[in-house]
Amino acid sequence: MSSSFSNLAHELEQIKLQSLYRSRRLISSPQGVEIEIDDQQVINFSSNDYLGLANHPEVINAFKKATDEYGVGSGSAHLICGHSRSHQALEEELADFTGRDRALLFSTGYMANIGVISALLNRGDQVFEDRLNHASLLDGGLLSGAKFKRYRHSDINDLQRKMLHTEGRKLIVTDGVFSMDGDLAVLPELTRLAKDKNAWLMIDDAHGISVLGATGGGILQHYGLTQQDVPVLMATLGKGFGTFGAFVAGSEVLVETLIQKARTYVFTTAMPAAVAEATRTSLKLVITDGWRREVLRLRLERFRSGAEQLGLKLMQTDSAIQPLLIGDSQRAVDISNDLLKQGFLVSAIRPPTVPKGEARLRITFSANHREQHVDQLLDALDTVAL
Ligand SMILES: *Cc1c(COP(=O)(O)O)cnc(C)c1O
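In this text the structure is predicted, and so the values were computed from the model without any measurement.

## Here we look at the environment of Asn48
Right, on to step 1. The residue Asn48 is located in the loop between β2 (40-44) and α2 (57-70) in this model.
Right, on to step 2. Those residues in contact with Asn48, other than ones at most four positions away along the chain, are His207, Lys239, Gly240, Arg362 and Thr364.
Right, on to step 3. At 3.1 Å, the side chain of Asn48 forms a polar contact with the side chain of Arg362.

Next up, the structure:
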């Protein structure tokens, strides 16, 4: 026992030597564009609360009111006695919102992805994943026991080559908006290929839902794609929705299959009903407050044109994620620390979250950022050694 733990200590040292050691900062304020973290007041450019709903008064009120009605804990899994009227109502509203037959809540996005892929595939089937997919999708693919193939990022030709072998069920899985690059999946091409190859297509729209599309319907609304084009839609509630949890939406048969077979659905406690109620309110705001998406777009434009003037190289994307590629992990960390000293929280993203040699600053925007915040960040970026 003790010797194996000294191995662990050695591993930790190695992680430190590679500038890959991670530690947590203590936050002592609500989530927002100005937060207090490690006793310092900072302007926050690292949150996924894209629409500024995590601390919205109406969302908070809905949560509080629901705790009067339901208390805090849900007490059990959905299939035992944890599925409240609030959960049911939220599922129906999410189905409506996404234009799908049914929606099913999961307690987290990580669990949704693992549950769905494992429920749909068995040994003898095949799963095809974009190399840059979120860890939960990759883990889901590996755990499913299906033959696991990764294709080059958004490379349809590479995917096509990997799909030559035809046995078993085939599932293509991709992030909608790639979480560390901010670019959009090439969905029109993917849907065509999926139809051509008689494969199922699954989209994880954690970073597109609420942000993209006229009413926040996400990447599928952005491209005008339906349940027939993309049978499996997964999205999370802890990012643009500002609450917690996730859902999968699709056909009656898909959702009933998940209720029977997705182990991360069956064997876990339901999210608190109050979280579901808070999310119902946040869903209303996502749909009605189109101005949040508009303001977010304006801030992104301001940042992108300012960055261009500074000669900074950004990737081409309309999403709220604007990464600045640095390369070396230690340099990314140093720059992030420099920015923090100046009062800006911008996270350095390092391997294994991104490929080796591709460490970056991941700058994210919120509808609650003011023009001044963006200008101040640009000034700060101008002073650090990029
Ligand atoms: C955040 C994220 C998840 C995980 O969702 P959680 O609800 O945080 O567990 C899954 N997929 C993608 C693309 C994500 O960005």
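## Quick look at the side chain of Ser329
Right, on to step 1. With respect to the helices and strands, the residue Ser329 is situated in helix α14 (residues 329-341).
Right, on to step 2. What makes Ser329 buried here is its relative accessible area of 10%.
Right, on to step 3. Non-local contacts of Ser329, meaning those with residues more than four positions away in its chain, are made with Gln18, Ser19, Leu20, Arg350, Pro351 and Ala359.

## Quick word on the site of the ligand
Right, on to step 1. The environment of the ligand is made up of 14 residues, and the closest members are Gly109, Tyr110, Asp204, His207 and Lys239.
Right, on to step 2. Between the ligand and Asp204, the relevant distance is 2.5 Å, taken from a nitrogen atom to a side-chain nitrogen or oxygen of the residue.
Right, on to step 3. Measuring from an oxygen atom of the ligand, one finds a side-chain N or O atom of Lys239 at 2.6 Å.
Right, on to step 4. With three residues, the top contributor of residues to the shell around the ligand is helix α5 (residues 109-120).

## Details of the packing of aromatic side chains
Right, on to step 1. Scanning the entire structure with this criterion turns up four aromatic pairs.
Right, on to step 2. Judged by centre distance (6.2 Å) and plane angle (85 degrees), the ring pair of Phe97 and Phe241 falls under edge-to-face. With a gap of 144 residues between them, Phe97 in helix α4 (residues 85-98) and Phe241 in the loop between β8 (232-236) and β9 (246-250) connect regions that are remote in the sequence.
Right, on to step 3. Judged by its relative accessible area of 0%, Phe241 is buried.
Right, on to step 4. Taken together, the aromatic side chains of Phe45, Phe303 and Phe365 make up a single cluster linked through ring pairs.
Right, on to step 5. The side chain of Lys16 reaches across the aromatic face of Tyr21, ending 4.7 Å from its centre.

## Thoughts on the side chain of Arg304
Right, on to step 1. Turning to its location among the elements, Arg304 is positioned in helix α13 (residues 290-309).
Right, on to step 2. For the buried residue Arg304, which engages in no salt bridge, the nearest side chain bearing the opposite charge is Asp318, 6.2 Å off.
Right, on to step 3. Not counting residues up to four positions away in its chain, the partners in contact with Arg304 are Leu314, Met315, Gln316, Thr317 and Gln322.

## Describing the packing of α5 against helix α6 (residues 135-143)
Right, on to step 1. α6 packs onto α5 with a crossing angle of 30 degrees between their chain directions and a minimal axis gap of 8 Å. The angle between α5 and α6 places the two elements in the roughly parallel class. Classified by chirality, the crossing of α6 by α5 is right-handed. For the pair α5 and α6, the contacting residues are Tyr110, Asn113, Ile114, Ile117 and Ser118 in the first and Ala135, Ser136, Leu137, Asp139, Gly140, Gly141 and Leu143 in the second.
Right, on to step 2. Partitioning the contact of α5 with α6 into residue classes produces six nonpolar, five polar and one charged.

## Overview of the domain arrangement of the chain
Right, on to step 1. As assigned here, the chain comprises domain 1 (19-51 + 290-383) and domain 2 (57-288).
Right, on to step 2. With centres defined by C-alpha atoms, the gap from domain 1 to domain 2 works out at 26 Å.
Right, on to step 3. Between domain 1 and domain 2, the contact holds 18 residues from the first and 22 residues from the second.
Right, on to step 4. Between domain 1 and domain 2, the buried area comes to about 1,600 Å², and carbon and sulfur atoms account for 57% of it.
Right, on to step 5. Together, Tyr50, Leu51 and Arg293 form the three largest contributors to the area buried by domain 1 at its contact with domain 2, with a combined 31%.
Right, on to step 6. Summed over the shared surface of domain 1 and domain 2, the result is 11 residue pairs in polar contact (both at pLDDT 80 or more).
Right, on to step 7. When residues of the side of domain 1 that touches domain 2 are traced back to their parent elements, those giving at least two are α13, β10 (321-327) and β13 (359-364).
Right, on to step 8. No other element matches the three residues that α13 contributes to the side of domain 1 that touches domain 2.
Right, on to step 9. Considered class by class, the residues forming the side of domain 1 that touches domain 2 number nine nonpolar, five polar and four charged.

## Describing the nonpolar core
Right, on to step 1. One finds Ile172 and Ile363 to be the most contacted residues of the largest nonpolar core, which totals 76 residues.
Right, on to step 2. If we ignore the near neighbours within four places in the chain, the residues touching Ile172 are Phe128, Tyr151, Leu159, Met163, Leu190, Ala194, Ala199, Trp200, Leu201 and Met202.

## Notes on the sheet that holds strand β11 (residues 344-345)
Strand pairing in a sheet takes place through backbone hydrogen bonds and is either antiparallel or parallel in direction.
Right, on to step 1. The three strands lie next to each other as β1-β2-β11, forming an open sheet whose pairing is mixed. Each end of this open sheet is capped by a strand with a single partner; those strands are β1 (34-37) and β11.
Right, on to step 2. By the bridge criterion, four bridges tie β1 to β2 in an arrangement that is antiparallel. Bridge assignment links Ile37 to a residue of β2, and that residue is Gln40.

## Focus: the pattern of salt bridges
Right, on to step 1. The final tally for this structure, using the stated rule, is 16 salt bridges.
Right, on to step 2. Glu13 serves as the salt-bridge partner of Lys16, at 4.0 Å between the closest nitrogen and oxygen. With Lys16 and Glu13 both in helix α1 (residues 2-17) and three residues apart, this pair spans about one turn of that helix.
Right, on to step 3. A salt bridge links Asp158 to Arg161; the shortest N-O distance between them is 3.6 Å. Separated by three residues within a single helix, Asp158 and Arg161 lie in helix α7 (residues 156-162), roughly one turn from each other.
Right, on to step 4. By relative accessible area, which is 48% here, Arg161 ends up partly exposed.
Right, on to step 5. One network of salt bridges, in which partners are shared, links Glu93, Glu277 and Arg280.

Thresholds applied
Residues numbered from 1 in each chain as written. Predicted model: local features only at pLDDT ≥ 70, side-chain atom pairs only at ≥ 80, totals over all residues. Heavy atoms only, no water. Helix = DSSP H or I, 4+ residues; strand = E, 2+ residues; numbered from the N terminus. Contact = heavy atoms within 4.5 Å. Polar contact = N/O pair within 3.5 Å; in protein donor to acceptor, adjacent residues only side chain to side chain. Buried < 20%, exposed > 50% of the residue type's maximum accessible area, 1.4 Å probe, protein only. Near = heavy atom within 4 Å. Phe/Tyr/Trp six-rings, centres within 6.5 Å; stacked < 30°, edge-to-face > 60°. Lys NZ or Arg CZ within 6 Å of the ring centre and 35° of its normal. Lys, Arg positive; Asp, Glu negative; His and termini not counted. Salt bridge = Lys/Arg side-chain N within 4 Å of Asp/Glu carboxyl O. Axes fitted to C-alpha atoms, helices over the stretch in contact; angles between N-to-C directions. Parallel < 35°, antiparallel > 145°, perpendicular 65-115°, else oblique. Left-handed = near helix turned anticlockwise from the far one by under 90°. Nonpolar A, V, L, I, M, F, W, Y, C, P; charged D, E, K, R; others polar. Domains from an automatic or database assignment. Buried area = accessible area lost by both parts, 1.4 Å probe. Core = buried A, V, L, I, M, F, W, Y, C linked by side-chain atoms within 4.5 Å. Pairing = 2+ DSSP bridges.

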